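Reading the structure
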Amino acid sequence: MSETTSFWLIRHAAVDGPKGTIWSLSAPANLGDRDSIDLLRTHLPQDAKAYASPARRTIDTAKALQLDPVLVPEFAEQDFGDWTGRRHDDLAAAGDEAYAQFWKDPACLIPPGGESFESQVARVRQGIGRIVSDSAIMVVHSGTVRAMLCIALDVEPQAALRFAIDPLSLTRVDRLRGSWRVMSVNQNFR
């Protein structure tokens, strides 16, 4: 393993659909913001290996950035189970007790049929453990970026959920020998 690995974490482009929806793996990215995509591409290393979650929106975004990513299941977004495909506002308005309870401890609690954010952090840790290159570009989800920040900062998962991670933003994290360094979080190119 290299002594330092620089991770260039990109959140995928927004999904073209109703805001606040918990999207499935098949939801496509809206690639209409070509200026931001082109500007973001100029900030990426040329010699880095690319990785992406297996979701269509991350693959779409990676291809728009002219990347050919290796798909890594461990980099998938948190699984929201039965809530996938539904809007947060609709779940809250329906009075779903499990949904109301979930937000009391969103890092530890598990959506029906899904997984906790803590489980996502453990999954992401496994995935990054197999990356040994000097530089890695990861086109992933906001939850995956938060999981990386949780790992790098060695904070409780609940604390990592406080980070805002916008579509097409760049977060830079370096894995050093025995420690981590956070270079930037949620850098936008608009």
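Residues numbered from 1 in each chain as written. Predicted model: local features only at pLDDT ≥ 70, side-chain atom pairs only at ≥ 80, totals over all residues. Heavy atoms only, no water.

1. What to know about the overall build of the protein
Along its length, the protein carries seven helices and six strands. For the protein, the sequential pattern of α-helices and β-strands runs β-α-β-α-β-α-α-α-β-α-α-β-β. A compact globule built from 190 residues should have a C-alpha radius of gyration of about 16 Å, and the protein, at 16 Å, falls within 12% of that. Buried residues in the protein amount to 49% of all 190 residues. A separation threshold of at least 6 residues defines the contact pool for the protein, and within that pool the share at least 24 residues apart is 68%. Put simply, the protein has 21 plus and 24 minus side-chain charges, and the middle of one group is 3 Å from the middle of the other. (Helix = DSSP H or I, 4+ residues; strand = E, 2+ residues; numbered from the N terminus. Rg over C-alpha atoms; globule rule 2.2 N^0.38 Å. Buried < 20%, exposed > 50% of the residue type's maximum accessible area, 1.4 Å probe, protein only. Contact = heavy atoms within 4.5 Å. Lys, Arg positive; Asp, Glu negative; His and termini not counted. Charge placed at Lys NZ, Arg CZ, Asp CG, Glu CD.)

2. So, the pairing of strand 5 (residues 170-176)
Note on strand geometry: in a regular strand, side chains alternate between the two faces of the sheet. Buried residues dominate strand 5, accounting for six of its seven residues. Bridge count between strand 1 (residues 5-11) and strand 5: six bridges; the pairing is antiparallel. Bridge assignment links Phe 7 to a residue of strand 5, and that residue is Val 173. (Pairing = 2+ DSSP bridges.)

3. A look at the layout of surface pockets
When its volume is computed, the largest pocket comes out at roughly 970 Å³. Lining the largest pocket are 37 residues, with Arg 11, Thr 21, Ile 22, Glu 77 and Ser 142 sitting closest to its centre. Its residues assigned to classes, the lining of the largest pocket comprises 16 nonpolar, 12 polar and nine charged. (1 Å grid on protein atoms, 1.4 Å probe; cavity = no way out; pocket = protein on both sides within 12 Å on 5 of 7 lines; lining within 4 Å. Points joined across faces, edges and corners; volume = space filled by probe spheres on them. Nonpolar A, V, L, I, M, F, W, Y, C, P; charged D, E, K, R; others polar.)

4. Focus: a nonpolar patch on the surface
Together, Leu 153, Val 155 and Val 182 make up an exposed nonpolar region whose accessible area comes to about 190 Å². Along the chain, the position of Val 155 falls in the loop between helix 6 (142-153) and helix 7 (157-160). (Patch = residues over 30% accessible without salt bridge, like charges linked within 9 Å, V, L, I, M, F, W, Y side chains within 5 Å. Areas by Shrake-Rupley, 256 points an atom, 1.4 Å probe, with all protein chains shown as cover. Salt bridge = Lys/Arg side-chain N within 4 Å of Asp/Glu carboxyl O.)

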